[in-house]
Amino acid sequence: MSKMNLPNKLTLLRLCMVPVIIVLLLLPASVINPYLCYGIAAVVFIATAITDVMDGHIARANGLITNFGKFMDPVADKFMVIGTMLSILFRMLNAEIYGISYDFYFTLLFFAVVVFVIFREFAITSLRLVLVNVSGQVVAANILGKLKTLSQVVCIGALLIEPLLDALITYFLPDYCLHGVYPITILFMCIVLVMTVWSGYNYLKGGWKFIATDK
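Residues numbered from 1 in each chain as written. Predicted model: local features only at pLDDT ≥ 70, side-chain atom pairs only at ≥ 80, totals over all residues. Heavy atoms only, no water.

Novice: Tell me about the overall build of the chain, and please be specific about residues and values.
Specialist: Looking only at helices and strands, one finds 7 helices and 0 strands in the chain. Contacts in the chain between residues far apart in sequence, at least 24 positions, make up 81% of those at least 6 positions apart. Accessible surface computed for the chain: about 11600 Å², of which carbon and sulfur atoms make up 74%. (Helix = DSSP H or I, 4+ residues; strand = E, 2+ residues; numbered from the N terminus. Contact = heavy atoms within 4.5 Å. Areas by Shrake-Rupley, 256 points an atom, 1.4 Å probe, with all protein chains shown as cover.)

Laid out in structure tokens, this is it:
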């Protein structure tokens, strides 16, 4: 650890924070108020996501870009995003335990998002490993990959924060017509679907030419 530069340490810190987020989100309503749970989880998740911005900025500004960082940075992002999404999905499917109910179609849309994200991340990670094997190159995330990750982070943030805003608005406006709808989250779930498919296709198209399929 002492030989690692600061960006790589921040990447490992992000990996270590993922279990904290997951455990927090899996605490039932009998242990912690669900809205308080979402609030704390949102703060921890956003703080964890900020390390992603920091490690990349520090690495580029100080010439500290390494193969370890290029490979582990997107891997840490995947653990952070997928771990948090699966935890939230588990809460959605067990509303009687966690105290916040979601509309069936909202849950179905989020389930589709999670499936697409997991499928894309496994496919691209597999391709990255093949490229390292074949060409010895560690391919860093491109701009579409970074935008994809940003959309996923914002979507998760909305998933955690919008129920709090919804409860607050409903408290003051009992007849609030969008109660339980979460329109901001729905918008970003659609954006995540588009960016996940688009960035995945772009990466596959760019990397496939390096793979000899006839060997």
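Read on for the rest.
Novice: Describe in detail the side chain of N8, supporting the description with residues and values.
Specialist: Its place among the elements puts N8 in helix α1 (residues 6-25). Dropping the residues within four chain positions of it, N8 is found in contact with T66, F68 and G69.

Novice: Help me get a handle on the environment of M85, residues and values and all.
Specialist: Tracing the backbone through its elements, the reader meets M85 in helix α3 (residues 67-92). Setting aside chain neighbours within four positions, we find M85 in contact with F110, V113, V114, V117 and I156.

Novice: Tell me what's going on with the packing of aromatic side chains, and back it up with residues and numbers.
Specialist: Geometrically, a pair of aromatic rings is defined through the distance of the ring centres and the angle of the planes. In the structure shown here, the tally under the stated rule is 6 aromatic pairs. An angle of 70 degrees between the planes, with centres 6.0 Å apart, marks the rings of F90 and Y98 as edge-to-face. For F90, a relative accessible area of 41% gives the class partly exposed. The interplanar angle of 15 degrees and the centroid separation of 5.6 Å between the aromatic rings of Y102 and F106 together place this pair among those described as stacked. (Phe/Tyr/Trp six-rings, centres within 6.5 Å; stacked < 30°, edge-to-face > 60°. Buried < 20%, exposed > 50% of the residue type's maximum accessible area, 1.4 Å probe, protein only.)

Novice: Talk me through a nonpolar patch on the surface; I want residue IDs and the actual numbers.
Specialist: A cluster of nonpolar side chains, namely I46, I50, M54, I161, L165, L168, I169, Y171, F172 and L173, defines an oily patch on the protein surface of about 970 Å² accessible area. Counting residues per element, the ones that place at least two in the nonpolar patch are α2 (34-61) and α6 (143-172). By residue number, the principal contributor to the nonpolar patch is α6, which donates 6 residues. By secondary structure assignment, the location of Y171 is in helix α6. (Patch = residues over 30% accessible without salt bridge, like charges linked within 9 Å, V, L, I, M, F, W, Y side chains within 5 Å. Salt bridge = Lys/Arg side-chain N within 4 Å of Asp/Glu carboxyl O.)

Novice: Account for α3, with residues named and values stated.
Specialist: Taking 1.5 Å of rise per residue, the 26 residues of α3 would be expected to cover 38 Å, and the 38 Å separating its terminal C-alpha atoms lies within 8% of that figure. The buried fraction of α3 is high, at 19 of 26 residues. (Expected span 1.5 Å × (residues − 1).)

Novice: Before we move on, can you summarise the packing of α1 against α2 with the specific residues and values?
Specialist: Put simply, α1 and α2 touch, their axes get as near as 9 Å, and they point 165 degrees apart. As far as their axial angle goes, α2 and α1 are roughly antiparallel. Here the hand of the crossing between α1 and α2 comes out left-handed. Residues of the contact of α1 with α2, tallied by class, amount to 17 nonpolar, 3 polar and 3 charged. (Axes fitted to C-alpha atoms, helices over the stretch in contact; angles between N-to-C directions. Parallel < 35°, antiparallel > 145°, perpendicular 65-115°, else oblique. Left-handed = near helix turned anticlockwise from the far one by under 90°. Nonpolar A, V, L, I, M, F, W, Y, C, P; charged D, E, K, R; others polar.)

Novice: Please provide a residue-by-residue account of the nonpolar core, values included.
Specialist: In terms of nonpolar packing, the biggest core is built from 34 residues, with M85, I88, F110 and L160 touching the most fellow members. Breaking this core down by element, the ones donating at least two residues are α1, α2, α3, α5 (104-135), α6 and α7 (183-208). In this structure, F110 is in contact with M85, I88, L89, M92, L159 and M189, ignoring residues within four places of it in sequence. (Core = buried A, V, L, I, M, F, W, Y, C linked by side-chain atoms within 4.5 Å.)

Novice: Now, about unusual backbone geometry: what can you tell me, with residues and values included?
Specialist: A positive phi is found at Y182, a non-glycine position, where the angle reads about 60 degrees. Positionally, Y182 belongs in the loop between α6 and α7. Judged by relative accessible area, Y182 falls into the buried class, the value being 5%.

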